[in-house]
Amino acid sequence: MITELIKIDPNDSVEELMSNYNLIKAASIIKKGELVAMPTETVYGLGADALSSQAAKKIYRAKGRPSDNPLIVHVADMEHVEMVAADVPEAARRLAKEYWPGPLTMIFNKTDLVPYETTGGLDTVAVRMPNHNVALALIKLSGGFIAAPSANVSGKPSPTEARHVQEDLNGRIPMILDSGAVGIGLESTIIDFTEETPTILRPGYITKSMAEKIIGNVCADGAMIAIDSRDKPKAPGMKYRHYAPKAPITVVMGDSDAVVDRINSIADTASKSGKKVGVICSEETLLTYYADEIIPLGSKGDELSVAKNLFSVFRKMDERNVDVIYSESFKPEGLGAAIMNRLLKAAGQNVIRVN
């Protein structure tokens, strides 16, 4: 299969994009039950008709994704939410009014319109409205419902640029829409509204405090970040190792000076054993490390830059063929909760604590 890479200007309005020849072509591909990689504000998604069981199966095959890992249904208006969700609580409507379009996914009981292949066999459906004109126009043109997990091989770092999608899926899908680098770089926050109290299953840009300002009490799933938690994750996809570069990652947690000392010590040991060592750090500590490849994520005072660069830095470590990676940790508060969730998932919870 030849994969077309098509550049689409994200600054065009949704109305302008709906008359774009290439986007109309992309929509026709989706209507035929095939796959198109599309940009969103979070990461690039691998889009297919969410209401087609066969199209959903093609997503799982292209990604090598476990079939019990639910797909998120992307919509462009609230009317379509009502068609896939059996009930939408008032609290969810308030959140939607505040944060949609945006990096927020909400889980509801599904209607019969949504096949079990899309929901990973569950009676619930995850729904979001992306804040990206290209994605919104494509959703509208293709029928209103696009299932779109991240457009990468399952387990690898999520793609934040079209070239990342090419690296993973070239020859596996018909088309990639290239609208440049994404704005956020981490997948959406997921909030489950089928629980008695709305529960965050995956942290993201929309934080717990942001949600609570709109709807009051919100729970956080105990398995979201906890390193030694025995809690069973409520979302099936959370039980799989995700976001990982090829080299194993160890996250070092503790006081900043102690973290630097420990990373330098274990990096030196690894280097002496013949391994090429990568270190992931902040801009503030960049010059304190000694390793083959040292890549900063950004300033610890700018969580958005850290979030935006995380998956890209993982891929850079792959490009530089490191054998092991040691990473600093970040405060698990606000957007830092999402950063640590992805970092710990990538590390397979491999953590060293220092004082």
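This text gives an overview of the structure that appears in the document. Since the model is a prediction, treat every value here as computed from it, not as a measurement. (Residues numbered from 1 in each chain as written. Predicted model: local features only at pLDDT ≥ 70, side-chain atom pairs only at ≥ 80, totals over all residues. Heavy atoms only, no water.)

1. As for the environment of I24
Alright, step 1. Here I24 is to be found in helix α2 (residues 21-31).
Alright, step 2. Assessed through its relative accessible area of 41%, I24 is described here as partly exposed. (Helix = DSSP H or I, 4+ residues; strand = E, 2+ residues; numbered from the N terminus. Buried < 20%, exposed > 50% of the residue type's maximum accessible area, 1.4 Å probe, protein only.)

2. Some words on the sheet that holds strand β16 (residues 351-353)
Alright, step 1. Spatial strand order, β14-β13-β15-β12-β16: five strands in an open sheet with parallel pairing. With one partner strand each, in any of the chains shown, β14 (293-296) and β16 form the two edges of the open sheet. Strand after strand, the sheet turns through a mean of 20 degrees between neighbouring axes, direction not considered.
Alright, step 2. Pairing geometry for strand β13 (residues 277-281) and strand β15 (residues 324-328), over four bridges, is parallel. Bridging from a neighbouring strand, I280 pairs with S327 of β15.
Alright, step 3. Across the sheet, helix α12 (residues 335-346) touches β12 (249-253), β15 and β16, and the angle it forms with β12 is around 135 degrees. (Pairing = 2+ DSSP bridges. Axes fitted to C-alpha atoms, helices over the stretch in contact; angles between N-to-C directions. Contact = heavy atoms within 4.5 Å.)

3. Brief notes about the nonpolar core
Alright, step 1. The biggest cluster of nonpolar side chains holds 70 residues, and the ones touching the most others in it are L138 and L177.
Alright, step 2. The element that contributes the greatest number of residues to this core is helix α7 (residues 133-141), accounting for seven residues.
Alright, step 3. With residues near it in sequence (within four places) discarded, L177 still touches I6, I8, L23, A26, V36, A37, M38, P39, Y44, V134 and L138.
Alright, step 4. Counting 29 residues, the second-largest nonpolar core is a separate cluster that includes Y243, I280, I325 and L335. (Core = buried A, V, L, I, M, F, W, Y, C linked by side-chain atoms within 4.5 Å.)

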